[in-house]
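Architecture and fold: a report
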Amino acid sequence: MQASCRESLHAALIVSFCLVLGLSVSAQSVGNSGSINGSVVDPTGAVVSNANVDIRNPVSGFDRSTTTDATGKFAFTNVPFNPYHLTVTATGFSSYAQDVEPRSSVPVSVAISLKVSGSTTQVSVEAEGGDLIENDSTFHTDVDRNLFDKLPLESQSSSVSSLVTLATPGISADSNGLFHGLGDHAENSFSVDGQPITDQQSKVFSNQIPLESIQSMEVISGAPPAEYGDKTSIVINVTTRSGQGETTPHGSFTTSYGSFGTSNATLDLGYGGKNWGNFISASGLNSGRFLDPPEFAVMHDKGNEENLFDRVDYQITSADSIHLNFGYTRSWFQTPNTFDSQFATPWNGVVVANGGRDPNGNVVGPADQRSQIKTFNIAPSWTRLLSSNAVFTMGAFVRRDQFNYYPSGNPFADLGPTNLQRETVGQDRKLTNAGVRSDLSYVKGIHNLKVGAVYQQTFLDEQDTLGIVDPTLLPVTFGCPNGRPAPDPCAVLPAFDLTRGGHLFTFNGHTDVKELALYARDNIVKGNWSLNLGLRADFYNGLTTHKEPEPRVGVAYNIKKTNTVLRVSYARVLETPFNENLVLSSVGCANDVLNPLLGCTVSGSTPFSPGWRNEFHAGIQQAFGRYLVFSGEYIWKYTHNAYDFSILGNTPITFPIEWDRSKIPGYAGRVSVPNYRGFSALAVFSSVAARFFTPQIGGAGAVPAVAVGSTTSTPFRIDHDEKFNLTAHIQYQPWKFGPWFGFNWRYDSGLVAGQTPCFGGNCAQTTVDSTGAPAVAMTDSFGTPLTADQEFEAGLFCGSIRATPTVALPNPCPLSQYGSTLLNVPKPNTENDDKNPPRIAARSLFDISVGHDNLFRGDKYKVSLQVTAINITNKYALYNFLSTFSGTHYVTPRTLTAELGFHF
């Protein structure tokens, strides 16, 4: 029956796709954008053709122009939800200006009557600063392409993550395109033209939508409105680029080359008419530093990525339009090596005990682990204009990630330090998300109502192969033989110990996660008040089931005299488990082979229960004149069943786990300076405490026998907790068609680094030396000795002795001589897992970008040149150290990139 249901759903989606293609191919607006149309007449009522119409949002940077046709009409489609300043100019007439604000897919219609030039009558415009603020109860950041085209971005292979991190308050930066929103571990979701994407988007899990396909983004950091669910700490609402209205083909071809042999080529083209349009982009990237490696020096880190994105819009009638997004991305990359794995460092005397050869007499050589990710996405939708006040939208989507992890050709090359990798592992994992969505938008008077439903199924297929390559694992770690009761690792693991002639173990898992969401939301604007009322109901049916009613409410008040908006909001949210390796984590402890390797404390399944959260927000937005606006928010989130990640038996394969609860208070803010004589600036900052509480209650390694909320629950700061971070970006272009300059400063106070050796408090490394004096043991928090290379990666020193990749520090190191240049080690006897944990040392990174968008002052054809320098001071710093989830990674060294573009 399950296979039949899957085939039926696939068939329905194929039919939907064929219908879209059969109807030919532009839409008046899609789920997360609106449209503005109108007519322009003179004082006698005669139409005014060829009038210039412009809409602009000075904060997001959105700026678009058009002209009226022979009937005096104009239209803007694919307009992100925001307030805009609309201006109309025509020869012989006085200029006209007013403010418009599309807030749904219901079109905004404007009737404009121009006055004859010289007339004393003018249309009033809002007071200074009024264009800079929004009377909205939801804290969010709007970023248009005009801004991020000139923003120096750190990672070309995960540019969207870099953009969100740099332009949005409340984001903790992590390695490999991973970012943590407002204290949660990657609890982020995307909405791409209305399509929900709630699975992991880091480049070690999936492939992101290409940056060149994005027109604008709204990043929601406040209490999420009712239409958003699943993972809502940060909601990235993406509006893609459209070709509708581009009656002359427009596009560009850019190519770049930079440090580490990184080359990139991108082609995009937009073309259409009044009722149709097509935008397509294709790009390819090749780099010698694809992932953030565990060493500042780069070893075994090549990768490439190819993207194809196509958006098609077609307006069938004045009331009906269809829209199609299609995307395909493939990435291939090596797993970066440490010195230990690159040079087979004999850290424990067993890897090269036979002259660098494995038990079969073959040369071991460097580790050669690689990954490949293929991402396919298709999302058709249909929009029906029911009346001038109502719009109905229905869409379908299929998104599939296929992740392959390949072990080294010689499995014994995968053996690493005891606290990193003791097994060779391979994986073939497929995640297919398919669903349908529909919503009805109705705008009338003070009400902006939206009701909708989303049904989706996520098919998870997991195949893992695993073999033990550490000859000390059974006799030392498990003390074999030991005669333990079942499951006895000494009875089941020898068959899969390759050092004893064993073979690979294979795990196969499958499940089908079904989710249904129903929601209703009304945004009521009355005078200076804005009230956002919503109710959402989520029904989750995976390895466990759960249903949750979720009220959402927000209130904002606009003090127009001072250009101030005060806001408060509340949301109840259902948090669904991560889907990546969900089956392995949920049922692995019931498997006799995986049970000991996962550190299980029970012999049965440890499934996840969806979490639920209460979150409260209070904020203010304040404009100062016409060229400065501040928006800030205080956040308090309390979550039952909080999610994190762990690793499969000291391998690179990660899986989700679940803690008892989390408490996350903090604040975030943004300061914007809209364009003033070519100068603009943006600063975002945040301070968030990510307090999680034991015990682990779900996933492999859980302790379900401990009652939730019992007195044994203790708080700790999870490894993505950060006290403070700040990004400042300034941009200057002296004249409109001249060269420009962009500059970034990113400050991070440092993520938690719980494996850092320290003394006293909760430190596991507290000891004495041979004289009985206080000393620090060179181990991680589990008592496993650090290798010389790991001490080197952490910047550890003992007096005048500094660790090198091959020479370790004295162990133990006298307390008075111990320290680190890359970690913030708590002072003796002050360490506390909740109040004062070890952290990565604070860092400041600086980036510069300079360019010219029209070198030869062409009209129809333009040539651009851009040079970008990342980490211009070549700062030597860490993202993290032996993080449970991601290991050790360094920030990007100084990189230079030159980009040449041709635009038409």
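If you're wondering where the values come from, they're calculated on a predicted model, not measured in any experiment. (Residues numbered from 1 in each chain as written. Predicted model: local features only at pLDDT ≥ 70, side-chain atom pairs only at ≥ 80, totals over all residues. Heavy atoms only, no water.)

1. A look at the overall build of the protein chain
For the protein chain, the count of helices and strands is nine helices and 48 strands. In terms of overall dimensions, the protein chain is globule-like: its C-alpha atoms have a radius of gyration of 29 Å, near the 29 Å expected for 904 residues. Its C-alpha atoms put the protein chain at 100 × 65 × 50 Å along the principal axes. The 904 residues of the protein chain split such that 59% are buried. When the accessible surface of the protein chain is split by element, carbon and sulfur atoms take 58% of a total near 33700 Å². A gap of 6 Å separates the mean positions of the 62 positive and 79 negative side-chain charges of the protein chain. (Helix = DSSP H or I, 4+ residues; strand = E, 2+ residues; numbered from the N terminus. Rg over C-alpha atoms; globule rule 2.2 N^0.38 Å. Buried < 20%, exposed > 50% of the residue type's maximum accessible area, 1.4 Å probe, protein only. Areas by Shrake-Rupley, 256 points an atom, 1.4 Å probe, with all protein chains shown as cover. Lys, Arg positive; Asp, Glu negative; His and termini not counted. Charge placed at Lys NZ, Arg CZ, Asp CG, Glu CD.)

2. Some details on the sheet that holds strand 37 (residues 774–776)
Strands sit in the order 36-37-40 across an open sheet of three strands; the sheet is antiparallel. Where the open sheet ends on each side, the last strands, each with one partner, are strand 36 (766–768) and strand 40 (813–814). Pairing geometry for strand 36 and strand 37, over three bridges, is antiparallel. Each residue of the ladder has a partner; that of valine 768, found in strand 37, is proline 774. (Pairing = 2+ DSSP bridges.)

3. Points about the environment of glycine 554
Looking at the secondary structure, you find glycine 554 in strand 26 (residues 545–559). Residue classification places glycine 554 among the buried positions, given a relative accessible area of 2%. The spacing of glycine 554 and alanine 618 is 64 residues in sequence and 9.6 Å in space, taken between C-alpha atoms. Setting aside residues no more than four positions away along its own chain, glycine 554 makes contact with Ser137, Ser530, Leu531, Asn532, Val568 and Ser569. (Contact = heavy atoms within 4.5 Å.)

4. A few points about the sheet that holds strand 8 (residues 140–144)
With mixed pairing, the five strands of this open sheet are ordered in space as 8-13-14-11-12. Lying at the two open borders of the sheet, with one neighbouring strand each, are strand 8 and strand 12 (195–197). The sheet shows a mean angle of 20 degrees between the axes of neighbouring strands, direction not considered. By the bridge criterion, five bridges tie strand 11 (residues 188–192) to strand 14 (residues 234–240) in an arrangement that is parallel. For serine 189, the partnering residue across the bridge sits in strand 14 and is valine 235. Contacting strand 8, strand 11, strand 13 (214–220) and strand 14, helix 3 (residues 159–167) runs over the sheet at an angle of about 50 degrees to strand 13. (Axes fitted to C-alpha atoms, helices over the stretch in contact; angles between N-to-C directions.)

5. Considerations on the pattern of salt bridges
Following the criterion strictly, the structure yields 33 salt bridges and no others. Here arginine 103 makes a salt bridge to aspartate 136, at a shortest N to O gap of 3.9 Å. Placement of the pair is arginine 103 in the loop between strand 6 (96–100) and strand 7 (108–113) and aspartate 136 in the loop between strand 7 and strand 8, with a sequence separation of 33 residues. Judged on exposure class, the residue arginine 103 and its partner aspartate 136 are both buried. Between lysine 514 and aspartate 512 there is a salt bridge; the shortest N-O distance is 3.5 Å. Relative accessible area serves as the criterion here: at 29%, lysine 514 is assigned to the partly exposed category. (Salt bridge = Lys/Arg side-chain N within 4 Å of Asp/Glu carboxyl O.)

6. Side note on the pairing of strand 30 (residues 654–676)
Of all 23 residues in strand 30, 17 are buried, a share of seventy percent or more. Bridge count between strand 29 (residues 629–647) and strand 30: 18 bridges; the pairing is antiparallel. Of the residues in strand 30, the one forming a bridge with tyrosine 643 is glutamate 658. Taken together, the five bridges between strand 30 and strand 32 (residues 691–698) define a ladder with antiparallel strand orientation. Bridging from a neighbouring strand, lysine 663 pairs with arginine 691 of strand 32. Taken together, the nine bridges between strand 30 and strand 31 (residues 679–688) define a ladder with antiparallel strand orientation. Note that in strand 31 the partner of arginine 670 across the bridge is valine 684. Linking strand 30 to strand 31, which pair antiparallel, is a turn of two residues; within it arginine 677 sits at a positive phi near 55 degrees.

7. A look at the side chain of aspartate 184
Within the secondary structure, aspartate 184 is located in the loop between strand 10 (179–181) and strand 11. A residue is classified by how much of its surface remains accessible, and aspartate 184, at 3% relative accessible area, is buried. A distance of 2.8 Å separates the side chain of aspartate 184 from the side chain of lysine 637, its partner in a polar contact. Ignoring anything within four residues of it in the chain, the contact list for aspartate 184 reads Ser233, Arg613, Lys637, Ile664 and His720. (Polar contact = N/O pair within 3.5 Å; in protein donor to acceptor, adjacent residues only side chain to side chain.)

8. Quick notes on the packing of aromatic side chains
On inspection of all chains with the given rule, the structure shows 28 aromatic pairs. Geometrically, the ring pair formed by tryptophan 659 and phenylalanine 716 is edge-to-face, given 5.0 Å between the ring centres and 70 degrees between the ring planes. Separated by 57 residues along the polypeptide, tryptophan 659 in strand 30 and phenylalanine 716 in strand 33 (residues 715–717) bring together distant segments of the chain. Given a relative accessible area of 14%, tryptophan 659 falls into the buried group. An aromatic cluster is present here, built from Phe205, Phe578, Phe608, Tyr643 and Phe645 joined pairwise through their rings. The ring of phenylalanine 290 has lysine 203 lying over it, and the distance from NZ or CZ to the ring centre is 5.6 Å. Between arginine 661 and the ring centre of phenylalanine 693, over which it is positioned, the NZ or CZ distance is 4.3 Å. (Phe/Tyr/Trp six-rings, centres within 6.5 Å; stacked < 30°, edge-to-face > 60°. Lys NZ or Arg CZ within 6 Å of the ring centre and 35° of its normal.)

9. A word on the environment of phenylalanine 205
Within the secondary structure, phenylalanine 205 sits in the loop between strand 12 and strand 13. Through-space distance from the C-alpha of phenylalanine 205 to that of aspartate 497 is 28 Å; in sequence the pair is 292 residues apart.

10. Structural notes on the nonpolar core
Residues Leu493, Leu594, Leu598, Leu648, Phe655 and Phe692 are the most contacted members of the largest nonpolar core, which totals 49 residues. Those residues within four positions of leucine 493 in sequence are excluded, and the remaining contacts are Ile468, Leu474, Phe478, Val593, Pro596 and Leu597. With 33 residues, the next largest nonpolar core counts Phe148, Phe179, Val192 and Ile209 among its residues. (Core = buried A, V, L, I, M, F, W, Y, C linked by side-chain atoms within 4.5 Å.)

11. Let's talk about the side chain of glutamate 793
Inspection of the secondary structure puts glutamate 793 in helix 9 (residues 788–793). The charged side chain of glutamate 793 is buried without a salt bridge, its nearest counter-charge being arginine 289 at 12 Å.

12. Examining the confidence of the model for the protein chain
On average, residues of the protein chain score 88 in pLDDT, and 91% of them are at 70 or above. The low-confidence segment residues 119–127, where pLDDT is below 50, has 10 contacts with residues more than four positions distant or belonging to other chains. Contacts of residues 706–711 to residues separated by more than four positions or lying in other chains number six contacts, the stretch itself having pLDDT below 50. (pLDDT = per-residue confidence, 0-100.)

13. Things to note about a nonpolar patch on the surface
Taken together, Phe679, Ile730, Tyr732, Phe741, Val850, Leu855, Phe856, Leu865, Val867 and Leu900 make up a surface patch of nonpolar side chains, about 830 Å² in accessible area. Those elements giving two or more residues to the nonpolar patch turn out to be strand 34 (722–732) and strand 45 (862–870). (Patch = residues over 30% accessible without salt bridge, like charges linked within 9 Å, V, L, I, M, F, W, Y side chains within 5 Å.)

14. Observations regarding the state of the cysteines
The full count for this structure, using the stated rule, is four disulfides. Here cysteine 758 connects covalently by a disulfide to cysteine 763, the sulfurs 1.9 Å from one another. Between cysteine 758 and cysteine 763 the sulfur-sulfur dihedral comes to about -110 degrees; the bridge is accordingly left-handed. Accessibility assignment for this pair places cysteine 758 and cysteine 763 in one class, buried. (Disulfide = S-S within 2.5 Å.)

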